[in-house]
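# Descriptive structure summary
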Amino acid sequence: MVEAAVPTAAFTVLFLTTHDLKLSVLISVGAALVLLAARLAARSTPQFVLNSLFGIGIGALFAWRSARGGGDANDQALAYFLPGIIYNTAYSALMVLSIAVRWPLLGFLVGSVTGDPTAWRADRAIVRLCSRLTWLLVLPCVLRVLVQGPVYLAGKNGWWDEDAAVTFLGASKIAMGWPLQIAALAAMVWLLSRNRTPVAAS
């Protein structure tokens, strides 16, 4: 989570303070490359560093397109936050839909551990547990959309001062990023540690 957060936080803070898209991308990508080199030297997975690079790239692309379209620094900054809001909205919708149709996506994680991807569906108690775990996993995304979505729309449509909207989105992107994710994972661990995990009687 730290590896995913550091380049993104570097880009966000630099872009909000300097409004220099090129400098922000170079510094954040440089930070990611240092972390990537450390991962490769340790012969461990670079997945999370690569994820952060992808996220920075998408945000920077939206900001660059806004600049090409004649947008000022605040328009570029607002455009940078749009992909994250879209991603969290789509992710939330998918996860909530999976719970609604009683195929919670965390169940497939259970299936990958047991070797049968769908056997967990036969036990209602496990379906309920997986639904609760899926809710805990998706809750940070729902909160981000509920907080950041209206602020983005207010800044974009002139209902709120653009500078204030950009500053708020930057602060919330960092504050509602890995801290919320860690809280969600801690809640999942707490739920699983209550010794009430359903186990079929042998």
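Residues numbered from 1 in each chain as written. Predicted model: local features only at pLDDT ≥ 70, side-chain atom pairs only at ≥ 80, totals over all residues. Heavy atoms only, no water.

What follows is about a nonpolar patch on the surface. Taken together, L94, L97, V101, W103, L105 and F108 make up a surface patch of nonpolar side chains, about 520 Å² in accessible area. As for its position among the elements, F108 is in helix 5 (residues 106-114). Taking relative accessible area as the criterion, F108 reaches 33% and is therefore assigned partly exposed. (Patch = residues over 30% accessible without salt bridge, like charges linked within 9 Å, V, L, I, M, F, W, Y side chains within 5 Å. Areas by Shrake-Rupley, 256 points an atom, 1.4 Å probe, with all protein chains shown as cover. Salt bridge = Lys/Arg side-chain N within 4 Å of Asp/Glu carboxyl O. Helix = DSSP H or I, 4+ residues; strand = E, 2+ residues; numbered from the N terminus. Buried < 20%, exposed > 50% of the residue type's maximum accessible area, 1.4 Å probe, protein only.)

With that settled, the discussion passes to the packing of aromatic side chains. Counted according to the given criterion, the structure contains 6 aromatic pairs. Measuring from centroid to centroid gives 5.8 Å for Y87 and Y91, while their planes differ by 25°, and the two rings are stacked. Taken together, the positions of Y87 and Y91, both in helix 4 (residues 73-100) and 4 residues apart, correspond to about one turn of that helix. On the numbers, 6.2 Å between centres and 65° between planes, the contact of W160 with F168 is edge-to-face. Judged by relative accessible area, W160 falls into the partly exposed class, the value being 38%. Every member of this aromatic cluster is reached through a ring pair, and the members are W103, F108 and W120. Lying across the ring of W103, R121 places its NZ or CZ 4.4 Å from the centre. (Phe/Tyr/Trp six-rings, centres within 6.5 Å; stacked < 30°, edge-to-face > 60°. Lys NZ or Arg CZ within 6 Å of the ring centre and 35° of its normal.)

With 16 residues, the main nonpolar core has F11, F15, L21, L78, Y80 and L169 as its most contacted residues. Where this core is concerned, the elements lending two or more residues are helix 1 (2-18), helix 3 (47-68), helix 4, helix 6 (124-156) and helix 7 (162-175). Per-element tally for this core: the top contributor is helix 4, with 5 residues. When neighbours within four sequence positions are excluded, L78 is seen to be in contact with Y152, G155, K156, E162, A165, V166 and L169. (Core = buried A, V, L, I, M, F, W, Y, C linked by side-chain atoms within 4.5 Å. Contact = heavy atoms within 4.5 Å.)

With numbering aligned to this structure, UniProt lists the feature "transmembrane region" (unreviewed entry) at residues 23-41, 48-65, 85-112, 133-154 and 174-192. Helix makes up 100% of residues 48-65 and strand 0%, whereas the separation of the span's terminal C-alpha atoms amounts to 26 Å. Helix makes up 100% of residues 133-154 and strand 0%, whereas the separation of the span's terminal C-alpha atoms amounts to 33 Å. (UniProt positions renumbered as here; feature names shortened; annotations may be inferred.)

Bringing helix 4 into the picture now. With 28 residues, helix 4 should cover 40 Å at 1.5 Å per step; its first-to-last C-alpha distance of 41 Å lies within 8% of that length. The first or second residue beyond helix 4 is R102, which carries a positive phi of 65°. (Expected span 1.5 Å × (residues − 1).)

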